[in-house]
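# Notes for the structure review
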Amino acid sequence: MRRSASALLLLLAACQTSSLTGRSQYMVVSEQMAVSQSAAAYVQMMGELDKKKKIEAGTEREKKVREITDRLVAQAVRVRPDAKGWAWEVKVIDDPKTVNAFCMAGGKMAIYSGMWEKLKATDDEIAQVMGHEIAHALADHTRERMSIAMTSAAVTTAAAVAITVAGGDERAGLALTGAQLASVLAIQLPNSRESEAEADQIGIELAARAGYDPKAAVTLWQKMGKEGGGPPEFLSTHPSPQNRAARLAELGARVQPLYEAARAGRPAEGDKLITFPRK
């Protein structure tokens, strides 16, 4: 009985309310730990890829991605001001077979060249992908999933693990601490539909505020759905309900005025997300 009561108290203590969505989240990992351990894991991952000459540097594509993410981050810190202190960073991973992207806690981002090579993604579509991934970090989804991973036996007992860092069969053996491993698992394991819906809402609004067409969220989803040879890796970690395209179109209509204002050079009024109910 005492053990059950203690477990219940621990569970209640671990529940926090998201400042962006108002949803109760399971958190046993602190913000500081999530950010620092994600950064450490990111450095190792990118270091291994750089040794294999898999990180693009100075290419037009890499410059364009930095331009897009800079605009998205400028809007991200408006809706979550404390994120201004994150050491935001983005890398383009040269892996034409992989259609994927991620943003770790603290703003450490990457996108795979398969987004262009396989999907022929436009700038607006790339903005939707990265806006969606940034939204996961802003809404503490990566920290939430780190918390879940940290309570699993796989993390607490693993001293080292082979992590997929470039898609396909290419793997890099990274010696990671439990927290660092949890941060990697947080970007590799499937998201819940609830967190996906939240990231759709936040991401499409960030992109609209940054001046990227919300309609691109639908065209991107359609391209992914038509991808041959099995679904893209992006969809393996992003649940795909049948009505998602329709939902994105609905969200796009709601944020269309923000997009039009951004294109006209008028900043959006207020820093609160319009895609979540006002309190």
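A short tour of the structure in this document, coming up. (Residues numbered from 1 in each chain as written. Predicted model: local features only at pLDDT ≥ 70, side-chain atom pairs only at ≥ 80, totals over all residues. Heavy atoms only, no water.)

The next point concerns the pattern of salt bridges. Inspection of the entire model under this criterion finds 23 salt bridges. Here Arg143 and Glu31 are joined by a salt bridge, their closest N and O atoms 3.7 Å apart. Remark: Glu31 occurs in helix 2 (residues 31–51) and Arg143 occurs in helix 6 (residues 141–150); sequence separation between them is 112 residues. With its nearest N and O atoms 2.8 Å apart, the salt bridge here joins Arg66 to Glu62. (Salt bridge = Lys/Arg side-chain N within 4 Å of Asp/Glu carboxyl O. Helix = DSSP H or I, 4+ residues; strand = E, 2+ residues; numbered from the N terminus.)

Turning next to the nonpolar core. One finds Trp88, Ile111, Met115, Met130, Ile134, Leu138 and Ile202 to be the most contacted residues of the largest nonpolar core, which totals 52 residues. Among the elements that line this core, the one with the most residues is helix 5 (residues 123–138), at eight residues. (Core = buried A, V, L, I, M, F, W, Y, C linked by side-chain atoms within 4.5 Å. Buried < 20%, exposed > 50% of the residue type's maximum accessible area, 1.4 Å probe, protein only.)

Before going further, it helps to spend a moment on the sheet that holds strand 5 (residues 108–112). Within the open sheet, the three strands sit side by side as 3-5-4. Their pairing is mixed. Each of the sheet's edge strands pairs with one partner strand only, and the pair in question is strand 3 (89–93) and strand 4 (101–103). Pairwise comparison of adjacent strand axes, ignoring direction, gives a mean angle of 10° for this sheet. Bridge analysis of strand 4 against strand 5 gives three bridges, and the strand direction is antiparallel. Of the residues in strand 5, the one forming a bridge with Ala101 is Ile111. Across the face of the sheet, helix 3 (residues 60–79) comes into contact with strand 3 and strand 5 while running at roughly 145° to strand 3. Helix 5 contacts strand 3, strand 4 and strand 5 of the sheet and is inclined by roughly 35° relative to strand 4. (Pairing = 2+ DSSP bridges. Axes fitted to C-alpha atoms, helices over the stretch in contact; angles between N-to-C directions. Contact = heavy atoms within 4.5 Å.)

The terminal C-alpha atoms of helix 3 lie 29 Å apart, and with 20 residues this matches the ideal 28 Å at 1.5 Å per residue to within 8%. Taken residue by residue, helix 3 has Glu62, Val65, Ile68, Thr69, Leu72, Val73, Gln75, Ala76, Val77 and Val79 as its buried positions. Among the structural elements, strand 3, strand 5, helix 4 (114–117), helix 5 and helix 9 (193–209) are those in contact with the buried residues of helix 3. (Expected span 1.5 Å × (residues − 1).)

Here we take up the environment of Ala105. Structurally, the position occupied by Ala105 is in the loop between strand 4 and strand 5. Judged by its relative accessible area of 5%, Ala105 is buried. Along the primary structure Ala105 and Trp88 are separated by 17 residues, whereas in three dimensions their C-alpha atoms are 9.8 Å apart. When residues no more than four places from it in sequence are discounted, the contact partners of Ala105 are Ala34, Val35, Ser38 and Thr142.

Within the secondary structure, Glu198 is located in helix 9. Glu198 gets classed as buried once you look at its relative accessible area, which sits at 6%. Polar side-chain contacts of Glu198 include one of 2.6 Å to the side chain of Arg23. Within the local environment of Glu198, its side chain forms a polar contact with the side chain of His141, the two groups lying 2.6 Å apart. Setting aside residues no more than four positions away along its own chain, Glu198 makes contact with Thr21, Arg23, His141 and Phe276. (Polar contact = N/O pair within 3.5 Å; in protein donor to acceptor, adjacent residues only side chain to side chain.)

Read these as geometric descriptors, not functional statements.
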